[in-house]
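So the chains spell out like this:
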Protein chains: 2
Amino acid sequence: MTSIGSLSSISDQDLILPPDVTVDGLRAALVEMSEIVGSNNVKVYTKATMKPDKDGQYFNLPKEHDLFYVLEKDEFLASAVVSPGSVEEVSGIVKLANKYLVPLWPCSMGRNLGGLRGSVVVDMGARMNKVLNVSERDCTCLLEPGVSYFELYDYLQKNGHENLWIDSPDLGGGSVVGNALDRGAGYTPYGEHFSMHCGMEVVLPNGKVMRTGMGALPDSNTWQTFQYGFGPYPDGLFTQSNFGIVTKMGFWLMPDPGGYQAYLFSFQNDSDLPAIVEYVRQLRIGMVIQNAPTIRNTLIDAAVYAPKSEYTNSKEVLGDAEIDLIAKKIGVGRWNIYGAMYGPKPMRDLQWEALKATFMQIPGASYEFPQPRAEGAKQTVLHMREETLKGIPNTYELGWLDWTCPRGSLLGFSPISPATGVDANKQYQMVRKRFLEFGFDYIGTFVVGWRELHHIVCLTFDKTNPDERRRAHRCIELLIDDAAKEGYGEYRTHLCFMDQIASVYNWGDGSSLKFNEQLKDSLDPNGILAPGKSGVWPARLRGRGFEIKRSTEYEGIAKSASTKNTPRL
Amino acid sequence: MTSIGSLSSISDQDLILPPDVTVDGLRAALVEMSEIVGSNNVKVYTKATMKPDKDGQYFNLPKEHDLFYVLEKDEFLASAVVSPGSVEEVSGIVKLANKYLVPLWPCSMGRNLGGLRGSVVVDMGARMNKVLNVSERDCTCLLEPGVSYFELYDYLQKNGHENLWIDSPDLGGGSVVGNALDRGAGYTPYGEHFSMHCGMEVVLPNGKVMRTGMGALPDSNTWQTFQYGFGPYPDGLFTQSNFGIVTKMGFWLMPDPGGYQAYLFSFQNDSDLPAIVEYVRQLRIGMVIQNAPTIRNTLIDAAVYAPKSEYTNSKEVLGDAEIDLIAKKIGVGRWNIYGAMYGPKPMRDLQWEALKATFMQIPGASYEFPQPRAEGAKQTVLHMREETLKGIPNTYELGWLDWTCPRGSLLGFSPISPATGVDANKQYQMVRKRFLEFGFDYIGTFVVGWRELHHIVCLTFDKTNPDERRRAHRCIELLIDDAAKEGYGEYRTHLCFMDQIASVYNWGDGSSLKFNEQLKDSLDPNGILAPGKSGVWPARLRGRGFEIKRSTEYEGIAKSASTKNTPRL
């Protein structure tokens, strides 16, 4: 990574060029961008920087790269990182990108930071990181993209807003804005983050600035309280999308509900999953459960505590007997519901009666509440989830990454299905079968949102091992197809699967993707904003794709598993 | 109204031509449309039909007209009504509209049925009126546009789904789909209808058919349970919009919460409004109040029971003393909260303690619950709201219309403001002042949604009286400007105010409207779908508008009141 001041000293061959852009074009674009944001806020990336660290790792890679790369490590390499400090600077960068046809890849504070090769990463979080407003009266806030859950939480605590809760996902280090834009979720009653947003300011691909909802009214006093405004409601267009760069976003905050109690129900048998899911759906839709509790398998809890090597010498995929032993050792079930109740104690007592009566019908079920810890005593997953379910940001779940190797990588597989026991079990078996085939332990959790079942599968792998990386890639690729055959679709994914997943959502001759492409061509005729995000390519680059090798071209991995020969599970 | 078979007998001068369309073009378009939908399903409208009924009323006007016209009665006159029977027929009509440049004005089952003069009304509700699916397991349904709240309710009752509640707005005769598309609301915890929809099927202006959310996945089993799918989320684009015709729409249904209790808090003083709104906001955001209760003034209740002439001989705007008398006569307060609690009795008892302790702090407050009625005993507004708050469709509130004359008309004024006492009072005084100036009684209700205050003002007028119609028009026009000066914007309106309101949402050099126009030009290049809806005009017709006279051109109405001279309230 080199400062813009040294741009002239970088050789032409060492620059990472985007499609259709010449060396001179890229140099001119970067110089002009630095005139907008200041030379300190443009970093140029060179091929020379791609040398691995001494231990063969790439953990010190800066923001222009996909930290958890699953493809070759330079696949999604950016040409530079630009850090704007205001909406006017974002607008200026966007106009320059149009002038030079340089693709931009905006990110808030994320980890998967690569984009189309040669893109300029627009690091929205670096300097635009302020809490712009908090209304104690309305229980709302207005944020810039660089505010993390930790920072928002701290801000509220330090400024007399202890009464306002936030809703953090499993890891609190990410951007509140970024998470909502990618339609992430957390675990309080405000856990569905897009539903709980209110108002956006967006820089459009032509550089114009728009405010949505009531923000379109000058001197609006309801931008953060009423979502819609007048006329078509566009906010959803800017989620999982490349139609604009969000520079401000409003959120609703939950006031302290007047009481809180986390709980854990543990179930002894792997085969209990269908019954658990059936009960959770009924209680969730029936409004007895107020949030989205997680139904976690043994190994996800085990991975939070320690790497696999602490439990076994085996390098093989763990079988049921081994998992039973681990469950016993860490004192959890094969499946575990971590949930919470929100409200005054008499309300919670009524809820608890219903919860206990329901889940304790499953033979072998047990429950517990988090107990005060003696100084130095072990913190259990229940203690950790007690914080998460209250919206308190943390990083406990980073333990997953180390399951098979220190500082490992993660690939997610996140299909949506009906919230039924049959579907939960079908997915669970589908994934376990593929994971066994490709050599991965099943680590996962099921979450019932408003009505649907999110299955969050965590494939942990060693990115420094090319074979393992390719197995991971191929395994998820096959699972996407397996899932589609059963009518299940993913709600989010890694860059390298975006085209595949978009192609699966192909009802009506692919009318959904065609609609997105039509909007893209209208809003971004030069195709400069995040080309290929969510499978939506601009006309200029359509059909080229990320030039990702399909993993079937890889040699030496699970050859028996091909999409065509996959039996219907 | 004439059947398509008689088209050749209608003289050229008698046809209602849309802009840019010749007599031959309109004739050809209608003939070809009748080949798609069948000749029984096309009705041609002629100028001759516009003669008033014997009593000078127009109540028997068919669907091609604005029933509650405020402008001249032929202002929004359609050329024909076409009733498609399937999504394929809708698609076929849209393609023909593109061929002949005939504007289409889709409606579900609505009342404001006119559109751009000469448009062909696409009566979505006439034949596409099926409940396509109900899932008892997921508590969802999938509907065609012609299903009314009454019909959905009856369907559920008759098909063993008594456990599933619906959420009806004040009048149950409208379309469930249409209400959600115009972002209407009801009064159960599922009252915010767009939030509670899940999945759409849309015919785009080019005739292509798209399914949103998980519907984009072939054989999807979660179309009605998960809202988003993968990639940009477009559903909001099809609300209050002219970007597509929705042919199917999914909804979440609330399962019986296990208990229900409606209540009424009455407050004796006109000046109690600010305190009431402050308390409602706190309890609503604090999740003690689970739905959107209404804060109604005396006269809205009075109007439900009987016309003004039953209470007074006065034709003047009623003053406080007169309203106090009416309040006493009908046994309500000057302001009245009609609300309900949802859940088992022990839960409700806890809620009730909080509600009672809060609202009874206001001096003179009283409360009551609906009492069983003896056979033939009078049904109170509380009895009526008990049904509405439970989602049971009804038409009680039609009484408003008759306040000043039999079969009167209604104009709504619906600004959004912060949910504070100060703002509620400012709006209330603003509207009363204008209503006094123009000669209308204030009839209104305040509703706290998720966080914002909806002020629903009902201006009732006699449409057969041109002077009264013009006063109504002018009064609302001025109120829109009054409200904008205070940062308040309307969330819905009559056709004749759409351009004005869209022009008020003009932050950032009108970027929101420009964005909508850009989408319109991309999706509907021929400008055939509902031109001018929500102020969004296609390029072909932009700047022409509805050719509505600004009411300032009218003679003889409250000349002192001009936008420019309005004092800041």
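Residues numbered from 1 in each chain as written. Chains lettered and ligands numbered in written order. Predicted model: local features only at pLDDT ≥ 70, side-chain atom pairs only at ≥ 80, totals over all residues. Heavy atoms only, no water.

Novice: What is the right way to look at the overall build of chain A in this model?
Specialist: Check the secondary structure of chain A and you find 14 helices and 21 strands. For chain A, buried positions account for 65% of its 569 residues. (Helix = DSSP H or I, 4+ residues; strand = E, 2+ residues; numbered from the N terminus. Buried < 20%, exposed > 50% of the residue type's maximum accessible area, 1.4 Å probe, protein only.)

Novice: Is there a simple way to explain the interface of chain A and chain B in this structure?
Specialist: In this assembly, 88 residues from chain A lie in contact with 88 residues from chain B. In total, about 7,400 Å² of surface goes out of reach between chain A and chain B, with carbon and sulfur atoms giving 68% of it. For the interface between chain A and chain B, the tally reads zero salt bridges. Counting across the interface, chain A meets chain B through 34 residue pairs in polar contact (both at pLDDT 80 or more). Broken down by element, the side of chain A that touches chain B gets its largest block of residues, 10 residues, from helix α14 (residues 507-523) of chain A. Here the residues of the side of chain A that touches chain B are counted per class, giving 44 nonpolar, 31 polar and 13 charged. (Contact = heavy atoms within 4.5 Å. Buried area = accessible area lost by both parts, 1.4 Å probe. Salt bridge = Lys/Arg side-chain N within 4 Å of Asp/Glu carboxyl O. Polar contact = N/O pair within 3.5 Å; in protein donor to acceptor, adjacent residues only side chain to side chain. Nonpolar A, V, L, I, M, F, W, Y, C, P; charged D, E, K, R; others polar.)

Novice: Got a minute to help me understand the packing of aromatic side chains in this structure?
Specialist: Two aromatic rings are characterised by how far apart their centres lie and by the angle between their planes. Counted according to the given criterion, the structure contains 54 aromatic pairs over all chains. Taking the centre distance of 5.9 Å and the plane angle of 40° together, the rings of Y311 of chain B and W403 of chain B count as tilted. Linking Y311 of chain B in the loop between α7 (298-305) and α8 (320-330) with W403 of chain B in the loop between α10 (381-388) and β17 (409-413), this pair joins segments that are 92 residues apart in sequence. Both residues of the pair, Y311 of chain B and W403 of chain B, belong to the buried class. On the numbers, 4.8 Å between centres and 55° between planes, the contact of W352 of chain B with F369 of chain B is tilted. Here F369 of chain B lies in the loop between β16 (366-368) and α10 and W352 of chain B lies in helix α9 (residues 345-359), a separation of 17 residues in the sequence. The class for W352 of chain B is buried, based on a relative accessible area of 11%. What links up through ring pairs into an aromatic cluster is the set Y263, F265, F267, Y279, W352, F359, Y367 and F369 of chain A. The positively charged end of K378 of chain B is found above the aromatic ring belonging to Y305 of chain B, 4.1 Å away from the centroid. (Phe/Tyr/Trp six-rings, centres within 6.5 Å; stacked < 30°, edge-to-face > 60°. Lys NZ or Arg CZ within 6 Å of the ring centre and 35° of its normal.)

Novice: Explain the relation of the copies chain A and chain B to me, please; I cannot follow it from the model alone.
Specialist: Two chain copies, one operation linking them: a rotation about an axis together with a shift along it. You can overlay chain A on chain B at an RMSD of 0.0 Å; the transform is a turn of 180° with a shift of 0.0 Å along its axis. Considering both components of the superposition, the chain copies are consistent with a two-fold axis. In this assembly, 100% of the residues forming the interface of chain A have copies in chain B that are likewise at the interface, indicating an isologous arrangement. (Least-squares fit on C-alpha atoms with pLDDT ≥ 70 in both.)

Novice: How should I be thinking about helix α6 (residues 273-285) of chain A in this particular structure?
Specialist: Residues three or four positions apart in an α-helix share a direction because the helix packs 3.6 residues into each turn. Residues and elements named next belong to chain A. If you check α6, its first and last C-alpha atoms are 18 Å apart, about what 13 residues at 1.5 Å a residue would give, namely 18 Å. Along α6, the residues that are buried comprise L273, I276, V277, V280, R281, L283, R284 and I285. Backbone geometry just downstream of α6 places M287 in the positive-phi region, at approximately 70°. (Expected span 1.5 Å × (residues − 1).)

Novice: Help me out: how do you make sense of the domain arrangement of chain A in this one?
Specialist: Accessible area lost during the coming together of the parts is what is often quoted as the interface size. Residues and elements named next belong to chain A. Each domain of chain A was delimited in the assignment, giving domain 1 (2-126), domain 2 (130-255) and domain 3 (260-464). Each of domain 2 and domain 3 was reduced to a C-alpha centroid, and the two centroids are 29 Å apart. Opposite the 19 residues of domain 2 that make contact, domain 3 presents 18 residues. For the pair domain 2 and domain 3, the summed buried area comes to about 1,500 Å², and 69% of that belongs to carbon and sulfur atoms. (Domains from an automatic or database assignment.)

Novice: In this structure, what is going on with helix α1 (residues 23-37) of chain B? I would like to understand it.
Specialist: All names here are of chain B. End to end, α1 covers 21 Å across 15 residues, agreeing with the expected 21 Å (1.5 Å per residue, within 8%). Listed in full, the buried residues belonging to α1 are V23, G25, L26, R27, A29, L30, M33, S34 and V37. Structurally, α1 contributes buried residues whose contacts are with β2 (42-44), β3 (80-82), α2 (87-100), β4 (104-107), β5 (120-123) and α3 (124-127). Of the residues flanking the end of α1, it is G38, one or two places downstream, whose phi is positive at about 95°.

Novice: Just checking my understanding: could you explain the side chain of R284 of chain B for this structure?
Specialist: Within the fold, R284 of chain B resides in helix α6 (residues 273-285). Contact partners of R284 of chain B, with chain neighbours within four places excluded, come to I289, Q290, N291, A292, V448, G449 and W450 of chain B.

Novice: Any chance you could explain unusual backbone geometry here in plain terms?
Specialist: All names here are of chain A. One non-glycine residue, R183, lies in positive phi territory at about 60°. Relative to the elements of secondary structure, R183 occurs in the loop between α5 (176-181) and β9 (197-203). A relative accessible area of 4% means that R183 is categorised as buried.

Novice: For this particular structure, what's the right way to read the state of the cysteines?
Specialist: The bond known as a disulfide is covalent and runs between the sulfur atoms of two cysteines. All names here are of chain B. Tallied over the entire structure, the rule returns zero disulfides over all chains. No disulfide involves C475; its sulfur sits 12 Å from that of C496, the nearest cysteine. Overall, C475 belongs to the buried group, its relative accessible area being 0%. (Disulfide = S-S within 2.5 Å.)

Novice: How do you make sense of the packing of α14 of chain A against helix α14 (residues 507-523) of chain B when you look at a structure like this?
Specialist: Helices that pack against each other are described as a pair by the angle of their axes relative to one another and the distance between those axes. Their axes nearest at 10 Å, the elements α14 of chain A and α14 of chain B cross at an angle of 125°. Relative to α14 of chain B, the element α14 of chain A lies oblique. At the point where α14 of chain A passes α14 of chain B, the crossing takes the right-handed sense. Residues F515, Q518, L519, S522 and L523 of chain A of α14 of chain A form the contact with α14 of chain B, whose participating residues are F515, Q518, L519, S522 and L523 of chain B. Counted by class, the contact of α14 of chain A with α14 of chain B contains six nonpolar, four polar and no charged residues. (Axes fitted to C-alpha atoms, helices over the stretch in contact; angles between N-to-C directions. Parallel < 35°, antiparallel > 145°, perpendicular 65-115°, else oblique. Left-handed = near helix turned anticlockwise from the far one by under 90°.)

Novice: When you look at the pairing of β17 of chain B in this model, what are you seeing that I'm missing?
Specialist: Every other side chain in a regular strand lies on the same face of the sheet, so the side chains alternate between the two faces. Residue and element names in this part refer to chain B. Alternating residues of β17 divide into S409, L411 and F413, all buried, and L410 and G412, none buried. Pairing geometry for β17 and strand β20 (residues 452-461), over five bridges, is antiparallel. What sits directly across from L410, in β20, is T460. (Pairing = 2+ DSSP bridges.)

Novice: Whenever I open this one, the sheet that holds strand β1 (residues 2-3) of chain B confuses me. Can you help?
Specialist: Strand pairing in a sheet relies on backbone hydrogen bonds. The paired strands run either parallel or antiparallel. Residue and element names in this part refer to chain B. Read across the open sheet, the five strands follow the order β1-β2-β3-β5-β4; overall the sheet is mixed. Looking at the sheet topology across the chains shown, the edges are occupied by β1 and β4. Strands in contact with α1 are β2, β3, β4 and β5; relative to β2, the strand with the most contacts, it is inclined by about 155°.

Novice: Even after reading the chapter, I still don't get the sheet that holds strand β6 (residues 131-135) of chain B, so can you show me in this structure?
Specialist: Residue and element names in this part refer to chain B. In spatial order, the strands read β6-β7-β11-β9-β10; together these five strands make up an open sheet with antiparallel pairing. Sheet topology places β6 and β10 (209-211) at the edges, where each strand pairs with a single neighbour. The sheet shows a mean angle of 10° between the axes of neighbouring strands, taken without regard to direction. Note: strand β9 (residues 197-203) against strand β11 (residues 245-252), five bridges, orientation antiparallel. Pairing of V202 across the sheet is with V246, part of β11. Together, β6 and β7 (140-143) form the strand contacts of helix α4 (residues 149-158), whose direction differs from that of β6 by roughly 50°.

Novice: Mind showing me how you'd approach the pattern of salt bridges here?
Specialist: Two side chains carrying opposite charge are able to pair once their charged atoms lie near each other. Residue and element names in this part refer to chain A. The full count for this structure, using the stated rule, is 64 salt bridges over all chains. D441 is the salt-bridge partner of K308, the closest N and O atoms lying 2.7 Å from each other. Of this pair, K308 sits in the loop between α7 (298-305) and α8 (320-330) while D441 is found in the loop between α11 (421-438) and β19 (444-448), placing the two residues 133 residues apart along the sequence. K308 sits in the buried class, given a relative accessible area of 8%. Using a relative accessible area of 6% as the deciding quantity, one classes D441 as buried.

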